Protein chains: 2
Amino acid sequence: MAPRKAPDAGRRSDRSRRAIYDAALALVGENGYRRTTIEGIAARAGVGKQTIYRWWPSKAAVLMEAFLDMAARAAGQTAPEGDEDADSRNGGEYGIPDTGDLAADLKLVLRATVDELNDPLMEAPTRALTAEGIVDAALGAEFVEKLLDPQLALYVTRLRAAQEAGHLRADADPRTALELLIAPLTHRWLLRTLPLTHAYADTIVDYALGGLAPRP
Amino acid sequence: MAPRKAPDAGRRSDRSRRAIYDAALALVGENGYRRTTIEGIAARAGVGKQTIYRWWPSKAAVLMEAFLDMAARAAGQTAPEGDEDADSRNGGEYGIPDTGDLAADLKLVLRATVDELNDPLMEAPTRALTAEGIVDAALGAEFVEKLLDPQLALYVTRLRAAQEAGHLRADADPRTALELLIAPLTHRWLLRTLPLTHAYADTIVDYALGGLAPRP
């Protein structure tokens, strides 16, 4: 749920904003990124297209915020009630827990990622946006910078803490190491090679931490 | 180079076949999968569209063979001269070398994968096809089955041999283990997060085999 704000003539109304996000995500999921238009989003949301143009400079900007909001709602299901700090709703700001057990913490967050990727609400729009970013380098770069990199930064933080605690190889680069954890999930999901399950997430963590070579 | 075949009225001419593949790959790279048509391929290749319809049942079938041929040409650069067995040109039939040094063999093949992914000839059509498979489940499944799975099977074979030689953890599942090796490369390439280099391929192999946790 979006936090309630005091009425403010200069602020987007929460109801219109939510309707616009929902319409944008639905249309991009149904028709793809290119065939989604500001006019179409406005019509589906029941607002005038000038309302959208007043608040966002482009279709990409609407969708970016719709995705940030969707990620925040997914993350916010475990967030404190009544949190009114918009930054803290930015999907990744809650961070990866640090219980001192790196494997357990990574399994928790990768299982949650599995659930998000398998969520029918997110499936179609996320696929449409990812597919467009793969062929449109400028759009892809924007989404990596604004949506993906902030999530990856959380892994860097957690892996650095693990390194300081002696739970990650001292010579491992956390930014590279995280790719062994998240890329397999993305690969399975995008290419639909095999089922994406909690058990798979657990196995990836075990293999990545323990290594595929036999331990002496 | 395609192997030379004896003239045969029932066989596609090599020259037309190559022209059709080249046209199909160029058009899908320039315009995307959906806007590529049999008519467009025929016009660009300088053949009648009935020529294409006679040899392939669908646009997807033309592209599938064009990709198989492109992969075979990439793999065939190191293949024996004069090989006339069409099956052996199928991109993956040469297998992953087994010198007894698992890390070295994996680095060799992953470096070659980096080169293929960074090849400008393959870049646009491979991105277009991958993007379409991400949003079109039926097309995606067909390409996974016919293009990706045969390549993954080569990793399974090599990892099983390593397991028998005591170079891979006895309890590791080779089909899952290979995803730690190939998914990070795919992730970087598809999402363009960071440069995809030989050094990166080497690091992924070292991290995956050695594990991210400190060794006792």
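Residues numbered from 1 in each chain as written. Chains lettered and ligands numbered in written order. Predicted model: local features only at pLDDT ≥ 70, side-chain atom pairs only at ≥ 80, totals over all residues. Heavy atoms only, no water.

Chain A goes by TetR/AcrR family transcriptional regulator in an unreviewed UniProt entry, where it is assigned to Streptomyces rhizosphaericola.

Caption draft 1: Region of the structure containing the overall build of chain A. Each helix and strand in chain A was counted, giving 9 helices and 0 strands. A total of 216 residues make up chain A; the buried ones form 49% of that total. Of all intrachain contacts in chain A linking residues separated by at least 6 positions in sequence, the fraction that spans at least 24 positions is 59%. Here chain A displays about 10,200 Å² of accessible surface, and carbon together with sulfur accounts for 53% of that area. (Helix = DSSP H or I, 4+ residues; strand = E, 2+ residues; numbered from the N terminus. Buried < 20%, exposed > 50% of the residue type's maximum accessible area, 1.4 Å probe, protein only. Contact = heavy atoms within 4.5 Å. Areas by Shrake-Rupley, 256 points an atom, 1.4 Å probe, with all protein chains shown as cover.)

Caption draft 2: Examining the packing of helix α5 (residues 102-117) of chain A against helix α7 (residues 137-164) of chain A more closely. Residues and elements named next belong to chain A. Where α5 contacts α7, the axes come no closer than 11 Å and their chain directions differ by 165°. One finds that α5 runs roughly antiparallel with respect to α7. In the crossing of α5 with α7, the sense of the turn from one axis to the other is left-handed. Residue-level contacts link L102, D105, L106, V109, L110 and T113 of α5 to Y155, R158, L159 and A162 of α7. (Axes fitted to C-alpha atoms, helices over the stretch in contact; angles between N-to-C directions. Parallel < 35°, antiparallel > 145°, perpendicular 65-115°, else oblique. Left-handed = near helix turned anticlockwise from the far one by under 90°.)

Caption draft 3: Layout of the relation of the copies chain A and chain B. Least-squares fitting of chain A to chain B yields an RMSD of 0.0 Å, with the superposition described by an axial translation of 0.0 Å and a rotation of 180°. On the angle and the small slide along the axis, the relation comes out as a two-fold axis. Among all residues of chain A, the minimum C-alpha distance to the rotation axis is found for G211 of chain A, at 1.7 Å. The residues that chain A uses at the interface reappear at the interface of chain B in 100% of cases, marking a shared surface. (Least-squares fit on C-alpha atoms with pLDDT ≥ 70 in both.)

Caption draft 4: Structural context of the packing of aromatic side chains. For the structure shown, the criterion picks out 6 aromatic pairs over all chains. Where W55 of chain B meets W56 of chain B, the ring centres are 5.9 Å apart and the plane angle is 80°; that geometry is what we call edge-to-face. With a centroid separation of 6.4 Å and 85° between ring planes, the pair formed by F67 of chain B and F143 of chain B is classed as edge-to-face. Of this pair, F67 of chain B sits in helix α4 (residues 59-76) while F143 of chain B sits in helix α7 (residues 137-164), and the two are 76 residues apart along the sequence. A residue is classified by how much of its surface remains accessible, and F67 of chain B, at 7% relative accessible area, is buried. Exposure remark for F143 of chain B: the relative accessible area of 9% places this residue in the buried category. Every member of this aromatic cluster is reached through a ring pair, and the members are Y21, W55 and W56 of chain A. The ring of W189 of chain A has R127 of chain A lying over it, and the distance from NZ or CZ to the ring centre is 4.4 Å. (Phe/Tyr/Trp six-rings, centres within 6.5 Å; stacked < 30°, edge-to-face > 60°. Lys NZ or Arg CZ within 6 Å of the ring centre and 35° of its normal.)

Caption draft 5: The arrangement of the nonpolar core in detail. Membership of the largest hydrophobic core comes to 74 residues, with the highest contact counts inside it found for L110 and Y155 of chain A together with L110 and Y155 of chain B. Apart from the residues lying within four places of it in its own chain, the contact partners of L110 of chain A are Y155, L181, I182, L185, A201 and V205 of chain A. (Core = buried A, V, L, I, M, F, W, Y, C linked by side-chain atoms within 4.5 Å.)

Caption draft 6: The arrangement of helix α9 (residues 198-210) of chain A in detail. The end-to-end C-alpha distance of α9 of chain A, which contains 13 residues, comes to 18 Å, matching closely the 18 Å that a straight helix rising 1.5 Å per residue would cover. Those residues of α9 of chain A not exposed but buried are Y200, A201, D202, I204, V205, Y207, A208, L209 and G210 of chain A. Those residues of α9 of chain A that are buried are in contact with α5 and α8 (174-191) of chain A together with α8 (174-191) and α9 (198-210) of chain B. (Expected span 1.5 Å × (residues − 1).)

Caption draft 7: How the structure looks around the interface of chain A and chain B. Contacts between chain A and chain B engage 50 residues on the former and 50 residues on the latter. Interface area lost by chain A to chain B is led by I134, R169 and L212 of chain A, which between them contribute 18%. Linking chain A with chain B are 2 salt bridges. For the salt bridge of E179 of chain A with R188 of chain B, the shortest nitrogen-to-oxygen distance reads 2.8 Å. Breaking the side of chain A that touches chain B down by element, the ones donating at least two residues are α6 (120-135), α7, α8 and α9 of chain A. The class makeup of the residues in the side of chain A that touches chain B is 26 nonpolar, 11 polar and 13 charged. (Buried area = accessible area lost by both parts, 1.4 Å probe. Salt bridge = Lys/Arg side-chain N within 4 Å of Asp/Glu carboxyl O. Nonpolar A, V, L, I, M, F, W, Y, C, P; charged D, E, K, R; others polar.)

Caption draft 8: Representation of the pattern of salt bridges. All names here are of chain A. Scanning the model with the defined rule gives 28 salt bridges over all chains in all. E179 is paired through a salt bridge with R175; the nearest N and O atoms lie 2.8 Å apart. Of this pair, E179 and R175 both sit in helix α8, 4 residues apart, roughly one helical turn. For E179, a relative accessible area of 1% corresponds to the buried category.

Caption draft 9: Spotlight on the confidence of the model for chain A. Across chain A, the average pLDDT comes to 86, with 85% of residues at 70 or higher. Within the model, pLDDT remains below 50 along residues 78-93 of chain A, and this stretch shows 22 contacts once partners closer than five positions in the same chain are excluded. (pLDDT = per-residue confidence, 0-100.)

Caption draft 10: Molecular detail of α9 of chain B. Considering only its buried residues, α9 of chain B is in contact with α8 and α9 of chain A together with α5 (102-117) and α8 of chain B. Looking one or two residues beyond α9 of chain B, the residue adopting positive phi is G211 of chain B, at roughly 85°.

Caption draft 11: Summary view of the environment of D136 of chain A. Within the secondary structure, D136 of chain A is located in the loop between α6 and α7. Within polar-contact distance, the side chain of D136 of chain A engages the backbone nitrogen of L139 of chain A at 3.1 Å. (Polar contact = N/O pair within 3.5 Å; in protein donor to acceptor, adjacent residues only side chain to side chain.)

Caption draft 12: Focus on the side chain of R17 of chain A. Locating R17 of chain A in the fold gives a position in helix α1 (residues 14-31). At 3.3 Å, the side chain of R17 of chain A forms a polar contact with the side chain of D14 of chain A.

Caption draft 13: Seen up close, the environment of A201 of chain A. Residue and element names in this part refer to chain A. The residue A201 is located in helix α9 in this model. Between the C-alpha atom of A201 and that of R111, which follows or precedes it by 90 residues, the distance is 6.0 Å. Every residue in contact with A201, bar those within four places of it in the chain, is listed here: L110, R111 and V114.

Caption draft 14: Quick look at the UniProt feature "DNA-binding region" (unreviewed entry) in chain A. Feature annotation in UniProt places "DNA-binding region" (unreviewed entry) on residues 37-56 of chain A, given in this structure's numbering. Annotation note: span residues 37-56 of chain A, helix share 75%, strand share 0%, distance between end C-alpha atoms 13 Å. (UniProt positions renumbered as here; feature names shortened; annotations may be inferred.)

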